[in-house]
Amino acid sequence: FDPITVGIAVAAASALTGYLSYKDVFCRFAECCHKEQQLNASALKLELEERLFGQHLATEVLLKALTGFKNNENPKKALTLSLHGWAGTGKNFVSQIVAENLHRKGLKSNFVHLFVSTLHFPHEQHVKLYQDQLQRWIRGNVSACANSVFIFDEMDKLHPGLIDAIKPFLDYYEQIDGVSYRKAIFIFLSNAGGDLITRTALDFWRAGRTREDIQLKDLEPVLSVGVFNNKHSGLWHSGLIEKNLIDYFIPFLPLEYRHVKMCVRAEMKARGSAVDEDIVTKVAEEMTFFPKDEKIYSDKGCKTVQSRLDFY
Ligand SMILES: Nc1ncnc2c1ncn2[C@@H]1O[C@H](COP(=O)(O)OP(=O)(O)OP(=O)(O)O)[C@@H](O)[C@H]1O
């Protein structure tokens, strides 16, 4: 919307309603950062349960973490979530859902910022420069909107040490140079730890236990230690882990054949087509599964479902 259109709309709406403030009306047309912005926890719950397949742990932890954080008027630190798992298991997908539930425009919002390691921080020799830029960028954006959300994708491709530049913002300080970071949310996405998660999932499967039996305590400690000791995790020997500044390590389990089928059905519905079970089976069978003998988990998760569906 251009300012003139918004201005006219605001004036008209204010005249009509008579009781809405200029800001109320303005924010219906343009995006505003609401200081006391609420989270509709039941809407988020419903959306995660309906749209995110096979990730009972991620659903549970994300709901708990986000509702707890948003219901707290005075959080003592920014919320930091670290999402781990194999490719195509739903990490980016979930970030998009979370972003939309926090800011109406989701990833397109002025208050949601996505960093992709290989795109924004490609050169190892410029780590110091990136650290400066990152600090300035975060400071500027949190000053403009305390509820800003920062998503770091491909953490496993981030140069070691770079992320430690944001450590002060995740810590328990009330303010730094007049800015409080306590209402901001930081989300890290990473393939690191995917092997550890798969190993645990396989152990459960081989022991004849259901996937839903896997609990956070079976994975969270393994993940934090594994990621800390993994040179290619973006969090190798990171002060963020050392100082316990990451609130939740959230595991994404590898997806099974039945989940891939669910993704195909969801994609068909999203395209407005009727669900054709023959095509669902064909697309799912084109995917490859591991380990070699048991063939339980899709090695690309649901990642190529959309392009494969284009063939039919
Ligand atoms: N668990 C899931 N439930 C529903 N859809 C899923 C799930 N996982 C993946 N998808 C679908 O597959 C697409 C690709 O997944 P997504 O980009 O979230 O994977 P990722 O875990 O972020 O992978 P990578 O680590 O390679 O970035 C999503 O846009 C979504 O349509």
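What counts and what doesn't
- Residues numbered from 1 in each chain as written.
- Predicted model: local features only at pLDDT ≥ 70, side-chain atom pairs only at ≥ 80, totals over all residues.
- Heavy atoms only, no water.
- Core = buried A, V, L, I, M, F, W, Y, C linked by side-chain atoms within 4.5 Å.
- Buried < 20%, exposed > 50% of the residue type's maximum accessible area, 1.4 Å probe, protein only.
- Helix = DSSP H or I, 4+ residues; strand = E, 2+ residues; numbered from the N terminus.
- Domains from an automatic or database assignment.
- Contact = heavy atoms within 4.5 Å.
- Near = heavy atom within 4 Å.
- Polar contact = N/O pair within 3.5 Å; in protein donor to acceptor, adjacent residues only side chain to side chain.
- Areas by Shrake-Rupley, 256 points an atom, 1.4 Å probe, with all protein chains shown as cover.
- 1 Å grid on protein atoms, 1.4 Å probe; cavity = no way out; pocket = protein on both sides within 12 Å on 5 of 7 lines; lining within 4 Å.
- Sits in = over half its atoms within 2 Å of the grid points.
- Nonpolar A, V, L, I, M, F, W, Y, C, P; charged D, E, K, R; others polar.
- Pairing = 2+ DSSP bridges.

Draft legend 1. Up close: the nonpolar core. In this structure, Ile138, Phe152, Ile166 and Phe186 are the most contacted members of the largest nonpolar core, which totals 70 residues. Looking at this core, the element that brings in the most residues is helix 4 (residues 56-71), giving eight residues. Lining this core are residues from two domains, each supplying at least three of them: domain 2 (41-252) and domain 3 (257-309). Leave out the neighbours within four places in its chain, and Ile166 touches Leu134, Ile138, Phe152, Phe186 and Phe188. With 15 residues, the next largest nonpolar core counts Cys263, Ala284, Cys302 and Leu309 among its residues.

Draft legend 2. Here's a closer look at the site of the ligand. Near the ligand lie 18 residues; those nearest to it are Phe53, Lys91, Asn92, Asn191 and Lys303. At 2.9 Å, a backbone N or O of Phe93 approaches an oxygen atom of the ligand. In the environment of the ligand, an oxygen atom lies 2.8 Å from a nitrogen or oxygen atom belonging to the side chain of Asn191. For the ligand, whose unbound accessible area comes to 630 Å², protein coverage reaches 85%. Under a 2 Å grid-point criterion requiring more than half of the atoms, the pocket assigned to the ligand is the largest pocket. If you tally residues by element for the shell around the ligand, the top one is helix 5 (residues 91-102), at three residues. Of the residues that constitute the shell around the ligand, the class distribution is eight nonpolar, seven polar and three charged. Summarising the domain contributions, the shell around the ligand has at least three residues from each of domain 2 (41-252) and domain 3 (257-309).

Draft legend 3. Structural context of unusual backbone geometry. The step from Phe290 to Pro291 runs through a cis peptide bond, and the omega angle for that step is -5°. Looking at the secondary structure, you find Pro291 in the loop between strand 6 (289-290) and strand 7 (297-298). In the Ramachandran plot, Glu154 falls in the positive-phi region, its phi being about 60° despite a non-glycine side chain. Accessibility expressed as a relative area gives 21% for Glu154, which makes it partly exposed. Positive phi values are uncommon outside glycine, yet Lys295 reaches one of about 45°. Relative to the elements of secondary structure, Lys295 occurs in the loop between strand 6 and strand 7.

Draft legend 4. Quick peek at the pairing of strand 5 (residues 248-252). With four of its five residues buried, strand 5 lies for the most part within the structure. The sheet contact formed by strand 1 (residues 79-85) and strand 5 spans five bridges and is parallel. Counterpart to Ser82 in the pairing with strand 5 is Phe249.

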